[in-house]
Amino acid sequence: SHTSTTTTVLDEISDNSSCTSRNQPTKKFPLNYSLPYFDTAFEKAANNPSIEEFGLRCRKKQQLVKTIRDDVVNTYGIDFYPTSFEFDRMVVSVKNKYPVLTKVFGEDMSLLTSALKQQFSRDRQISGCVSDLLLKKRQSHGHILSGRKLKFVKVDLVSHREYLIEEKQQSEECLMQLFQQAESLRTLVNTTNYDYSEVKAKMDITYPHRQRLVHEMKPVKQILELYPALSVSNLIIREINVHYDPFDGDIIQTLKSNFTKLFNYTDNPQKENITEDERPFFILEHLIMKRYKHSKKLLLNQEVLDAYPMIQAHKNNDSTNYSIIVEYNQLTITTSQVEAVAILIGSYEIFNIEYPKKIRATLEVLHGLSFKKRSFFLAVAAKRFLSEFKINANVK
């Protein structure tokens, strides 16, 4: 299953130039896809592959994926997005020409398939009618977003990071047993007065199955339907604590401590009116997001803007509830701001979601405030923030 990121351009600056239909492919994708040209150095590496060259984010793997993507786009149009069968044809061509690559991509080449889908999903940013002038600018700049600034791009499904967790290959029999455990767990959670300790035990047993669903980039809605326990705030916080390595093994206490430090550093005059429970959103909005000129509405808003995780507040008399929304589905609801922020940043780990560029620095700071380990290197902007406020100074 691949991540379809059908996108809609919002708030694009209007113009009166005549619109043309998008670059529709004039050719049908062939049954036997012919690989583009690769240089001698690549050919040599591909015939004797190593994990250092074809592993995660390694140079030769990136060259392979991006060269195929560029060839397909140049041949079939900038808006062409392959079907699962067409992805398979690309991978079969690679396997036929470089059979020893199965050593690094797996016998079924699933790691290459996943990388190709992520590359196409990442680059699939345009929808709607564009002018001839804009098309020419994009083509001349070699980038689909050049020529005019897009204020906001709405996505229906999130993009995913490359899958990082080294999981043991599960047999079909084992996967079926895990699925049966998941069904049993779903039945248990949907009953009233369920046994919390039994739910925790079953969640631990079925974790490899959830990994597989995430690896296959299943929609969040589908994962939540099978695992309704992820909609229970204390169970999802436990999932974060057990599997994603927050500082001191407790993301709630870690964030409380770090938000208190940041609150004491800030000299914002509004802080005098802020209660301890209100510190997380105050710091997020007035210290972190303000620093990077990120709009509050991208993380804290009444309206759900796109598929990426966000917090939606609902006032009810004297209290406020906070819903964490992912891919337009309510993940869970809480009355605690610190829990809301913890689940927000934790959901990126649980569902292996790539940080969107429009708020990447903010999310990297939240990650640095929360977790000891990460699957990426923090950008300089996030490192400077954490260093300046003496928060987790050993981050890399």
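Residues numbered from 1 in each chain as written. Predicted model: local features only at pLDDT ≥ 70, side-chain atom pairs only at ≥ 80, totals over all residues. Heavy atoms only, no water.

**Student:** So what exactly am I meant to see when it comes to the nonpolar core here?
**Tutor:** What tends to happen in soluble globular proteins is that the nonpolar side chains get buried as a cluster. Counting 73 residues, the largest nonpolar core has Leu366 and Leu369 as the members making the most contacts within it. Formed jointly, this core draws a minimum of three residues from each of two domains, domain 2 (172-231) and domain 3 (251-389). Ranked by size, the runner-up nonpolar core spans 28 residues in total, among them Val72, Tyr98, Val104 and Phe120. (Core = buried A, V, L, I, M, F, W, Y, C linked by side-chain atoms within 4.5 Å. Buried < 20%, exposed > 50% of the residue type's maximum accessible area, 1.4 Å probe, protein only. Domains from an automatic or database assignment.)

**Student:** What is the right way to look at the pattern of salt bridges in this model?
**Tutor:** As a working rule, side chains carrying opposite charge can pair if their charged atoms are close by. Per the stated rule, a full pass over the model turns up 14 salt bridges. Across the pair Arg186 and Glu183 runs a salt bridge whose closest N-O atoms are separated by 2.7 Å. Here Arg186 pairs with Glu183, and both are found in helix α8 (residues 172-189), just three residues apart, close to one helical turn. Residue classification places Arg186 among the partly exposed positions, given a relative accessible area of 26%. As a salt-bridge pair, Asp204 and Arg238 come within 3.0 Å of each other at their nearest N and O atoms. (Salt bridge = Lys/Arg side-chain N within 4 Å of Asp/Glu carboxyl O. Helix = DSSP H or I, 4+ residues; strand = E, 2+ residues; numbered from the N terminus.)

**Student:** Please explain the packing of helix α13 (residues 251-265) against helix α14 (residues 279-291) as it appears in this structure.
**Tutor:** When two helices pack together, their arrangement is given by the angle between their axes and by how far apart the axes lie. In contact at an axis separation of 10 Å, α13 and α14 are set at 55° when each is read in the N-to-C sense. Accordingly, the angle class assigned to the pair α13 and α14 is oblique. Both α13 and α14 take part in a crossing whose hand is left-handed. Listed contacts from α14 to Phe259, Thr260, Leu262 and Phe263 of α13 are Arg279, Pro280, Phe282, Ile283 and Leu287. Within the contact of α13 with α14, the residues separate by chemical class into seven nonpolar, one polar and one charged. (Axes fitted to C-alpha atoms, helices over the stretch in contact; angles between N-to-C directions. Parallel < 35°, antiparallel > 145°, perpendicular 65-115°, else oblique. Left-handed = near helix turned anticlockwise from the far one by under 90°. Contact = heavy atoms within 4.5 Å. Nonpolar A, V, L, I, M, F, W, Y, C, P; charged D, E, K, R; others polar.)

**Student:** I tried to follow the pairing of strand β7 (residues 329-334) on my own but got confused; where do I start?
**Tutor:** Within a regular strand, side chains alternate between the sheet's two faces. Inspection of the sheet shows strand β6 (residues 319-326) paired to β7 by five bridges, in the antiparallel sense. Following the sheet pairing, Ser323 is matched in β7 by Ile333. (Pairing = 2+ DSSP bridges.)

**Student:** I tried to follow the sheet that holds β7 on my own but got confused; where do I start?
**Tutor:** In a beta sheet, neighbouring strands are held together by backbone hydrogen bonds and run either parallel or antiparallel to one another. Read across the open sheet, the three strands follow the order β5-β6-β7; overall the sheet is antiparallel. Every other strand in the sheet has two partners, leaving β5 (310-316) and β7 as the edge strands with one partner each. Shown here is a sheet whose adjacent strand axes are inclined to one another by a mean of 30°, direction ignored. Lying over the sheet, helix α15 (residues 337-350) contacts β5, β6 and β7, oriented at roughly 0° with respect to β6.

**Student:** Sorry, what's going on with the environment of Ala201 here?
**Tutor:** Tracing the chain through its elements places Ala201 in helix α9 (residues 196-205). Accessibility expressed as a relative area gives 38% for Ala201, which makes it partly exposed. Taking C-alpha positions, Ala201 is 9.7 Å from Leu185, a pair spaced 16 residues apart along the chain.

**Student:** Whenever I open this one, empty space enclosed by the protein confuses me. Can you help?
**Tutor:** Leftover empty space is mapped by rolling, across the atoms, a probe with the size of a water molecule. Enumeration over the complete set of coordinates arrives at two cavities of 30 Å³ or more. Lining the largest cavity are Lys297, Leu298, Leu305, Asp306, Tyr308, Pro309, Met310, Lys358 and Ile359. Here the lining of the largest cavity is built from residues that sort into six nonpolar, no polar and three charged. (1 Å grid on protein atoms, 1.4 Å probe; cavity = no way out; pocket = protein on both sides within 12 Å on 5 of 7 lines; lining within 4 Å. Points joined across faces, edges and corners; volume = space filled by probe spheres on them.)

**Student:** Before we go on, may I ask you to explain the packing of aromatic side chains in this structure?
**Tutor:** Note on aromatic pairs: each is described by the distance of the centres and the angle between the planes. Scanning the entire structure with this criterion turns up 16 aromatic pairs. Look at Phe29 and Tyr33: their rings are 5.5 Å apart centre to centre, the planes differ by 15°, and that puts the pair in the stacked class. With 4.4 Å between their ring centres and 25° between their planes, Phe38 and Phe42 make a pair best called stacked. Accessibility classification places Phe38 together with Phe42 in one group, the buried group. Clustering of aromatic rings is evident, with ring pairs tying together Phe38, Phe42, Phe54, Tyr98 and Phe105. The ring centre of Tyr227 lies 4.9 Å from the NZ or CZ of Arg210, which sits over that ring. Positioned above the aromatic ring of Phe263, the side-chain terminus of Lys271 is 4.9 Å from the ring centre. (Phe/Tyr/Trp six-rings, centres within 6.5 Å; stacked < 30°, edge-to-face > 60°. Lys NZ or Arg CZ within 6 Å of the ring centre and 35° of its normal.)

**Student:** Please explain helix α3 (residues 59-76) as it appears in this structure.
**Tutor:** Given 3.6 residues per helical turn, the α-helix brings residues three or four places apart onto the same face. Helix length check: α3 (18 residues) gives 26 Å between terminal C-alpha atoms against 26 Å at 1.5 Å per residue, within 8%. Buried within α3 are the following residues: Lys60, Lys61, Leu64, Val65, Ile68, Arg69, Val72, Val73 and Tyr76. The positive-phi residue at the C-terminal boundary of α3 is Gly77, with phi of around 110°. (Expected span 1.5 Å × (residues − 1).)

**Student:** Explain the pairing of β5 to me, please; I cannot follow it from the model alone.
**Tutor:** As paired elements, β5 and β6 share seven bridges and run antiparallel to each other. Bridge pairing links His314 to Asn321 in β6.

**Student:** Just to check I follow, could you spell out the packing of α14 against α15 for this structure?
**Tutor:** It is at 7 Å that the axes of α14 and α15 come closest, and there the two elements cross at 55°. Taken together, the axes of α14 and α15 lie oblique to each other. Between α14, through Arg279, Pro280 and Phe281, and α15, the contact on the second element is made entirely by Gln337, Val338, Ala340 and Val341. Looking at the contact of α14 with α15, its residues break down into five nonpolar, one polar and one charged.

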